[in-house]
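Residue-level structure breakdown
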Amino acid sequence: MILATLGPFGDAIDFIFHQRESQAGTVQVGGLGEIWELTWTHLKLSLAATLIATLIAAPLGIWLGHIGRFQFVATSFSNIGRAVPALGLIVFFIAFLGVGFTNVCVALVLLAIPPIITNSYVGIRGVDPETVDAARGNGLTDRQVALKVELPMALPTIMGGIRISLVSVIATATIAPLANVDTLGRPIISPNVYGSAGQLAACLVVAIVTLGADALFVLLQKAVTPEGLKLAERGRPGGRRLAFLSSKRSMQTS
Amino acid sequence: VRRTHPLLALLAVLCLGFVFAACGGDDEKSSSSSGSGGSSSEQAPGQEIQKVSGADSKPAITVGSKNFTEQFVLGEIYAQALEAAGYKVKKQLNLGSELIAHKALQTGKVDAYPEYTGTALTSFFGVKTADVPKDPEKAYEDTKAGFAKENITALPPTPFENTYRLGITKATAKKLGDPKTISDLKGKEKDLSITGFPECKQRQDCLLGVQDAYGLKFGKFVSSEQKYQVLDSGDADVAFIFTTDGDLAGGKYVVLDDDKHFFPPYNVTFNVRNEALKNLGPEGQKVIEDVQKPLTEKVMQELNARVDIDKKKPADVAASYLQQAGFVK
């Protein structure tokens, strides 16, 4: 078989497709059924956390960027969420939220918020002041300036923030089994049951899911970039840039 | 537009980060504390350790231990006791897992370290968990025979063993009509959830084995490493616990007896390389055996609690144990 030539990777791929007896005996592990179940939980958890984080952080970042104040909150204060490890948060929250989906989700939301706030703020602040002036000169209200001029132009950067969050949330969701949520982390932290094949298999699937989500967001980011901005990019010396470089401003500050 | 100076902002965030982290840490500690600091342990008064003549002219003995609380405390107790008897002692008290510690002992990187009989048999000598003798004496004999082949002597075991049991809160015990043994859960377990480390759910020496041995079927398995917090928060009714966990010292929990003797014995033996044992001589060996005599399950829980809950240093906890037990003035 081809799989045999791949060594441990072949074994791991085999684990994804075929059930086998657990390392500790008596129970069956692996196979598409279990892998899919774990992947589905993993996706549900990651998407829920990123969505909630977006609903909280994007409006806040956009508003802060629009009024142009509290840069401290937007770019630095929110980073505390990234300084505290998610595992610590989960343990800390047990006393208040118990173990389970809510607990892990809250920990991941806190992890996901900072990049979205920062990028939303920076995206709005980065809109060409002349464009904003022109909009005001044309008689647009404050609200219209924010929603019809600033927001569309900042959207690619905001999406970039959500993308960074989603990727780190998917990677971090592997610790969820420590709080009773069976994600793809389960085979990774249970080598005595799933063996090294199961461990590697789960890692492969996490990598595929992460890359898939990332690719999807690249397309989304492209789709939400206003035509005008695309034309402007093309007109610049140096020509068109790759989509991910459009969030370069956020990288400097975060 | 007002802008905060970026350096200032960075500094402020760093400070806040530290404050936040420190607060978080403190909260965790106090929430898990059961205030066992003052509780007295019933330690039988021991004989004061006498200087062994000629001990200081022998080569130094290196005492090792694995990398968790109980091992640190035990390593310190043995090391300090030998020091009190006049031996030169070096300490290597953070060797890692049993496989690393065993390797260090085999290769002479350390001369001795404490290991659990059940662990030695399953991890070093290829005994299947189900085949480990249920009788602690027999388990010790087998461990001793295994180590003997490696020119290592397993000294007699401690009175306490650190094995698995099922634990419940006092409130749960009341609700269930004060069960004393795991068998007493029969008939009620379908409505009970049980917590253990994630792997436990699918392991024959953990949940699967217990359910088979006792004919139980728990309603739900909650995977977590924070067993006592999960019991406290009500996410699980029963937990897989270790018999010498410091959290048990506070008296908040009830430990159910393993009446069918499912869990293998895990007494501690201090395992010494034969060359080093020669240097210790019978007097040194007697020091080791004496100093561990008061180490019952209760005492070991208390010592672990002093480190895990009261946040004292293992070296200090060991020193005060030796004093309280009368080995050192």
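Bear in mind that the values here come from a model prediction, so they are computed numbers and not experimental data.

Considerations on the confidence of the model for chain A
All names here are of chain A. When pLDDT is averaged along chain A, the result is 84, and 88% of the positions lie at 70 or above. Mean pLDDT across the secondary structure elements of chain A bottoms out at helix 13 (residues 248–253), with 44, and peaks at helix 3 (residues 31–67), with 93. Low pLDDT, under 50, characterises residues 239–254; the stretch is placed with 21 contacts to residues that sit more than four places away or in other chains.

As for the state of the cysteines
Residue and element names in this part refer to chain B. In total, this model carries one disulfide over all chains according to the counting rule given. Linked covalently through their sulfurs, Cys200 and Cys206 form a disulfide whose S-S length is 2.1 Å. Between Cys200 and Cys206 the disulfide shows an S-S torsion of about -90°. By sign, it is left-handed. When sorted by exposure, Cys200 lands in the same class as Cys206, which is buried.

Quick word on the nonpolar core
Residues Phe15, Leu45, Val104 and Leu108 of chain A are the most contacted members of the largest nonpolar core, which totals 57 residues. Residue assignment for this core shows that the elements contributing at least two residues are helix 2 (8–17), helix 3, helix 6 (86–97), helix 7 (101–125), helix 9 (142–172) and helix 11 (191–224) of chain A. If one sorts the elements of this core by residue count, helix 7 of chain A sits on top with 13 residues. Setting aside chain neighbours within four positions, we find Leu108 of chain A in contact with Leu45, Ala49, Val169, Thr172 and Ala173 of chain A. In terms of nonpolar packing, the next biggest core, distinct from the first, is built from 40 residues, Tyr78, Phe270, Leu277 and Leu280 of chain B among them.

Focus on helix 6 of chain A
Inspection of helix 6 of chain A places Ala86, Leu89, Ile90, Val91, Phe93 and Ile94 of chain A among the buried residues, and these make up the whole buried set. Residue Gly98 of chain A follows helix 6 of chain A closely and has a positive phi angle near 70°.

Focus on a nonpolar patch on the surface
A surface patch of nonpolar side chains, about 380 Å² in accessible area, is lined by Leu60, Trp63, Ile67 and Phe70 of chain A. Turning to its location among the elements, Phe70 of chain A is positioned in the loop between helix 3 and helix 4 (71–76).

A closer look at the environment of Leu231 of chain B
Residues and elements named next belong to chain B. In this fold, Leu231 is placed in helix 8 (residues 227–233). Judged by relative accessible area, Leu231 falls into the buried class, the value being 5%. Along the sequence, Leu231 and Ile152 sit 79 residues apart, while their C-alpha atoms lie 41 Å from each other. In this structure Leu231 touches Gly167, Ile168, Thr169, Ala236, Asp237, Val238, Ala239 and Tyr253, once residues within four positions along its chain are discounted.

Concerning the pairing of strand 2 (residues 89–92) of chain B
Residues and elements named next belong to chain B. The pairing of strand 1 (residues 61–64) with strand 2 spans four bridges and is classified as parallel. The residue bridging Gly64 from the neighbouring strand is Gln92, located in strand 2. After leaving strand 1, the chain enters helix 2 (residues 69–84) and then returns to the sheet as strand 2, a path that is right-handed.

Here's the deal with the packing of aromatic side chains
All names here are of chain B. For the coordinates displayed, the defined rule picks out 15 aromatic pairs over all chains. For the pair Tyr321 and Phe327, a centre-to-centre distance of 6.4 Å together with 50° between the ring planes defines the contact as tilted. Overall, the relative accessible area of 0% leaves Tyr321 in the buried class. Taking relative accessible area as the criterion, Phe327 reaches 4% and is therefore assigned buried. Through a chain of ring-to-ring contacts, three or more aromatic side chains come together here, namely Tyr164, Phe240, Phe242, Phe262 and Phe263. The side chain of Lys134 reaches across the aromatic face of Phe262, ending 5.8 Å from its centre.

Some details on the pairing of strand 7 (residues 220–223) of chain B
Moving residue by residue along a regular strand, the side chains alternate between the two faces of the sheet. Residue and element names in this part refer to chain B. With four bridges joining them, strand 6 (residues 193–196) and strand 7 adopt parallel strand pairing. Each residue of the ladder has a partner; that of Gly196, found in strand 7, is Ser223. In this fold, strand 6 hands off to helix 7 (residues 207–214), which returns the chain to strand 7; that crossover is right-handed.

Points about helix 3 (residues 98–106) of chain B
All names here are of chain B. Within the sequence span of helix 3, burial applies to Ala101, His102, Ala104 and Leu105. One side of helix 3 carries all its buried residues, which in axial view fall inside an arc of 160°. Across from the buried face of helix 3, at angles greater than 90 degrees, the exposed residues are Leu99 and Lys103. Buried residues along helix 3 sit in contact with strand 3 (112–116), helix 4 (117–124), helix 5 (136–148), strand 4 (152–154) and strand 10 (268–273).

A look at unusual backbone geometry
All names here are of chain B. Phi is positive for Asn151, which is not a glycine, with a value near 60°. Mapping Asn151 onto the fold places it in the loop between helix 5 and strand 4. Even without being glycine, Lys311 reaches a positive phi, approximately 60°. With respect to the helices and strands, Lys311 occurs in the loop between helix 10 (297–308) and helix 11 (314–324).

A word on the environment of Lys217 of chain B
Considering the arrangement of structural elements, one finds Lys217 of chain B in the loop between helix 7 and strand 7. Between the alpha carbons of Lys217 of chain B and Gly187 of chain B there is a distance of 9.1 Å; along the sequence they are 30 residues apart.

What about the pattern of salt bridges?
Residues and elements named next belong to chain B. If you walk through the whole model with that rule in mind, you get 21 salt bridges over all chains. Among the ionic pairs, Asp142 bridges to Lys138, the shortest N-O distance being 2.8 Å. Here Asp142 and its partner Lys138 are both found in helix 5, four residues apart, which amounts to about one turn of the helix. Judged by relative accessible area, Asp142 falls into the partly exposed class, the value being 27%. Judged by relative accessible area, which is 42%, Lys138 ranks as partly exposed. Among the salt bridges present, the one from Asp245 reaches Lys227, with a minimum N-O distance of 3.4 Å. Of this pair, Asp245 sits in the loop between strand 8 (238–242) and strand 9 (253–256) while Lys227 sits in helix 8, and the two are 18 residues apart along the sequence. The two residues Asp245 and Lys227 agree in class, both being buried.

Cut-offs used in this document
Residues numbered from 1 in each chain as written. Chains lettered and ligands numbered in written order. Predicted model: local features only at pLDDT ≥ 70, side-chain atom pairs only at ≥ 80, totals over all residues. Heavy atoms only, no water. pLDDT = per-residue confidence, 0-100. Helix = DSSP H or I, 4+ residues; strand = E, 2+ residues; numbered from the N terminus. Contact = heavy atoms within 4.5 Å. Disulfide = S-S within 2.5 Å. Buried < 20%, exposed > 50% of the residue type's maximum accessible area, 1.4 Å probe, protein only. Core = buried A, V, L, I, M, F, W, Y, C linked by side-chain atoms within 4.5 Å. Patch = residues over 30% accessible without salt bridge, like charges linked within 9 Å, V, L, I, M, F, W, Y side chains within 5 Å. Areas by Shrake-Rupley, 256 points an atom, 1.4 Å probe, with all protein chains shown as cover. Salt bridge = Lys/Arg side-chain N within 4 Å of Asp/Glu carboxyl O. Pairing = 2+ DSSP bridges. Right-handed = clockwise from strand over helix to strand, strands pointing away. Phe/Tyr/Trp six-rings, centres within 6.5 Å; stacked < 30°, edge-to-face > 60°. Lys NZ or Arg CZ within 6 Å of the ring centre and 35° of its normal. Arc of directions from axis to C-beta.

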